[in-house]
Amino acid sequence: MFFLMILTFLVIQRLIELYIASQNERWMLQKGAIVYGQKHYPYMIILHVSFFLILIVEVVLSGQEPTRFWPILLGIFFLLQLARYWVIFTLGRYWNTKIIVLPGADLIEKGPFQYMKHPNYMIVTLELLVVPLMFQAYITAILFFFLNQWMLLIRIREENQALQQNLAGDK
């Protein structure tokens with residue numbers, strides 16, 4: 001039941017985020033924004049959908065109970081959610097799951113961005129570890145940690161190039 005609650009929360013959260021991202025994308029494109037990273041984006045979607053599917057399979061097949069450390073991991077999970085919303089609210093209409101850059105816009109350097117360049121990627125990385133570890137899904141945790149790092153190598157490079165080419169003061 002606990003697993004189902006966390007899973008349901010995450011799926012609903014992701015669906016809401018996709019809705020917000022589509023609204024933000026529409027607004028940004030109307031303002032003249034440019035979309036980057038189109039080639040890797042479908043693979044990123046596959047990665048994240050696969051995470052949920054493999055997590056479900058591993059937890060159900062293993063029949064594992066939550067780890068005895070689940071309260072600590074649940075606390076970390078909720079802190080990660082607060083950090084996720086901090087990123088989303090800080091970026092406002094500029095937040096997206098895609099790399100979309102509005103030429104001439106200023107780089108956002110407030111909120112969590114004053115402490116690190118890509119806070120959302122660290123949040124997702126930690127979440128891809130914490131959630132499976134909460135349910136002793138070690139294969140999912142290890143597999144998706146490394147798959148996500150591989151994806152981030154591609155994504156962060158493309159995002160940095162897009163930002164450098166298009167933001168105010170970076171030309």
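Residues numbered from 1 in each chain as written. Predicted model: local features only at pLDDT ≥ 70, side-chain atom pairs only at ≥ 80, totals over all residues. Heavy atoms only, no water.

**Student:** So what exactly am I meant to see when it comes to helix H3 (residues 70–91) here?
**Tutor:** Helical geometry: 3.6 residues make up each α-helical turn, so side chains three or four residues apart lie on a common side. Taking 1.5 Å of rise per residue, 22 residues should cover 32 Å, and H3 covers 31 Å from first to last C-alpha, within 8% of that figure. Taken as a whole, H3 has its buried residues at Leu-73, Leu-74, Phe-77, Leu-80, Gln-81, Arg-84, Val-87, Ile-88, Thr-90 and Leu-91. Along its buried surface, H3 packs onto helix H1 (2–30) and helix H4 (119–134). Phi turns positive, to about 55°, at Gly-92, one or two residues after H3. (Helix = DSSP H or I, 4+ residues; strand = E, 2+ residues; numbered from the N terminus. Expected span 1.5 Å × (residues − 1). Buried < 20%, exposed > 50% of the residue type's maximum accessible area, 1.4 Å probe, protein only. Contact = heavy atoms within 4.5 Å.)

**Student:** What is the right way to look at unusual backbone geometry in this model?
**Tutor:** Among all residues save glycine, negative phi is the norm, and among peptide bonds the norm is trans. The backbone of Gln-136 shows a phi angle near 60°, a positive value even though the residue is not glycine. Structurally, Gln-136 can be placed in the loop between H4 and helix H5 (138–166).

**Student:** For this particular structure, what's the right way to read H5?
**Tutor:** Its 29 residues place the ends of H5 41 Å apart at the C-alpha level, agreeing with the 42 Å of an ideal helix rising 1.5 Å per residue. Of all the bends found along H5, the most pronounced is centred on Leu-152 and spans about 25°. Here H5 has its buried residues at Thr-140, Ala-141, Phe-144, Asn-148, Met-151, Leu-152, Arg-155, Glu-159, Ala-162, Leu-163 and Asn-166. Considering only its buried residues, H5 is in contact with strand S1 (34–36), helix H2 (41–62), strand S2 (99–101) and H4. (Bend = angle between axes of the 7 residues up to and from the residue.)

**Student:** Got a minute to help me understand the packing of aromatic side chains in this structure?
**Tutor:** Given two aromatic rings, one states the distance between the centres and the angle between the planes to describe the pair. Summed over the entire model, instances satisfying the criterion amount to ten aromatic pairs. Taken together, a centroid distance of 5.5 Å and an interplanar angle of 70° make the contact between Phe-51 and Phe-52 edge-to-face. Geometrically, the ring pair formed by Phe-51 and Phe-144 is edge-to-face, given 5.6 Å between the ring centres and 80° between the ring planes. Taken together, the residues span a long stretch of sequence, with Phe-51 in helix H2 and Phe-144 in helix H5 at a distance of 93 residues. For Phe-51, a relative accessible area of 4% puts it in the buried group. Three or more aromatic residues link up through ring pairs in this structure, and these residues are Phe-2, Phe-3, Trp-70 and Phe-135. (Phe/Tyr/Trp six-rings, centres within 6.5 Å; stacked < 30°, edge-to-face > 60°.)

**Student:** What is the right way to read the packing of H3 against H4 from this model?
**Tutor:** Angle between the axes and distance between the axes: these two values describe a pair of packed helices. Where H3 meets H4, the axes come as close as 9 Å, and the angle between the chain directions of the two elements is 155°. By the angle between their directions, the pair H3 and H4 is classed as roughly antiparallel. Relative to H4, H3 is oriented so that their crossing is left-handed. Seen from H3, the contacting residues are Trp-70, Leu-73, Leu-74, Ile-76, Phe-77, Leu-80, Gln-81, Ala-83, Arg-84 and Val-87; seen from H4, they are Pro-119, Asn-120, Ile-123, Val-124, Leu-126, Glu-127, Val-130, Val-131, Leu-133 and Met-134. Along the lines of polarity and charge, the residues of the contact of H3 with H4 split into 16 nonpolar, two polar and two charged. (Axes fitted to C-alpha atoms, helices over the stretch in contact; angles between N-to-C directions. Parallel < 35°, antiparallel > 145°, perpendicular 65-115°, else oblique. Left-handed = near helix turned anticlockwise from the far one by under 90°. Nonpolar A, V, L, I, M, F, W, Y, C, P; charged D, E, K, R; others polar.)

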